[in-house]
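One letter stands for each residue in the lines below.
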Amino acid sequence: PLFIGFLGKDWRRKGGEFAFEVVNELNSRGIWSVLRVIGNGGGHISKSPFINFLGFIDKKKDLNKFINELKSWHFCALFSDQEASPRSNIENIRLGVPIISHNIGGIRSTFIKNSYGKLFNPFPSVKEVADWIISEIKPYENYYQKRLSSKQISDNIIWEKELLKIKRIINK
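The rules behind these values
- Residues numbered from 1 in each chain as written.
- Predicted model: local features only at pLDDT ≥ 70, side-chain atom pairs only at ≥ 80, totals over all residues.
- Heavy atoms only, no water.
- Axes fitted to C-alpha atoms, helices over the stretch in contact; angles between N-to-C directions.
- Helix = DSSP H or I, 4+ residues; strand = E, 2+ residues; numbered from the N terminus.
- Parallel < 35°, antiparallel > 145°, perpendicular 65-115°, else oblique.
- Left-handed = near helix turned anticlockwise from the far one by under 90°.
- Contact = heavy atoms within 4.5 Å.
- Nonpolar A, V, L, I, M, F, W, Y, C, P; charged D, E, K, R; others polar.
- Buried < 20%, exposed > 50% of the residue type's maximum accessible area, 1.4 Å probe, protein only.
- Arc of directions from axis to C-beta.
- Pairing = 2+ DSSP bridges.

Asker: Hey, could you go over the packing of helix α1 (residues 16-28) against helix α4 (residues 126-137) for me, with residue numbers and the actual values?
Answerer: Orientation of α1 relative to α4, taken along the N-to-C sense of each, is 60°, at an axis distance of 9 Å. Here α4 runs oblique to α1, going by the angle between their axes. Seen from above, α1 lies across α4 with right-handed handedness. Between α1 and α4, the contacting residues are Phe 18, Glu 21, Val 22, Glu 25 and Leu 26 on the first element and Val 126, Val 129, Ala 130, Ile 133 and Ile 134 on the second. Its residues assigned to classes, the contact of α1 with α4 shows 8 nonpolar, no polar and 2 charged.

Asker: How would you summarise helix α2 (residues 63-72) if you had to cite specific residues and measurements?
Answerer: Residues Phe 66, Glu 69 and Leu 70 constitute the buried set of α2. Buried residues of α2, seen end-on, are gathered within an arc of 95° and therefore sit on one face of the element.

Asker: Tell me what's going on with the sheet that holds strand β5 (residues 99-102), and back it up with residues and numbers.
Answerer: Spatially, the 6 strands line up as an open sheet ordered β3-β2-β1-β4-β5-β6, and their pairing is parallel. Every other strand in the sheet has two partners, leaving β3 (51-55) and β6 (117-120) as the edge strands with one partner each. Between one strand and the next, the sheet's axes are offset by a mean angle of 20°, whatever the strand orientation. With 3 bridges joining them, strand β4 (residues 75-78) and β5 adopt parallel strand pairing. Of the residues in β5, the one forming a bridge with Ala 77 is Ile 100. Each of β1 (2-7), β4 and β5 touches helix α3 (residues 87-94); the most contacted strand, β5, lies at about 155° to it.

The structure is reproduced here in structure tokens:
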């Protein structure tokens, strides 16, 4: 299946329901898709064969499990209605996982130049997102090549380097 990942504690604010609607749309078009959810979900996650609820994965205790799960995703979805600077985007981009997200708040600041993914205008339609995903995965070889290129870019992302950038901005 096509794995769309969702990473976050706040299912509603981070757009979990919208990501699930995208997965349902893909399935209705014959593209077997599953939403893989890491987080607590706040008790709001729908029951569906198209949702794999993984619960909380503690990065301090099981970092390899966390990394391997993210790397298995074809796209990470973050359709927040508000966001400052989502760490989940940086984590996924660092692993070469493409992000699909709204252009809201500080989300744009987490998109690394030339990394693979799509920053949609705020509140796109489910159809618009599904159309883009389909255009990216067909043919699959193109998706795979873009993802490999993105992984090469992501190898240059290291926390120390990013923190130094932030420090320079703050000290101006």
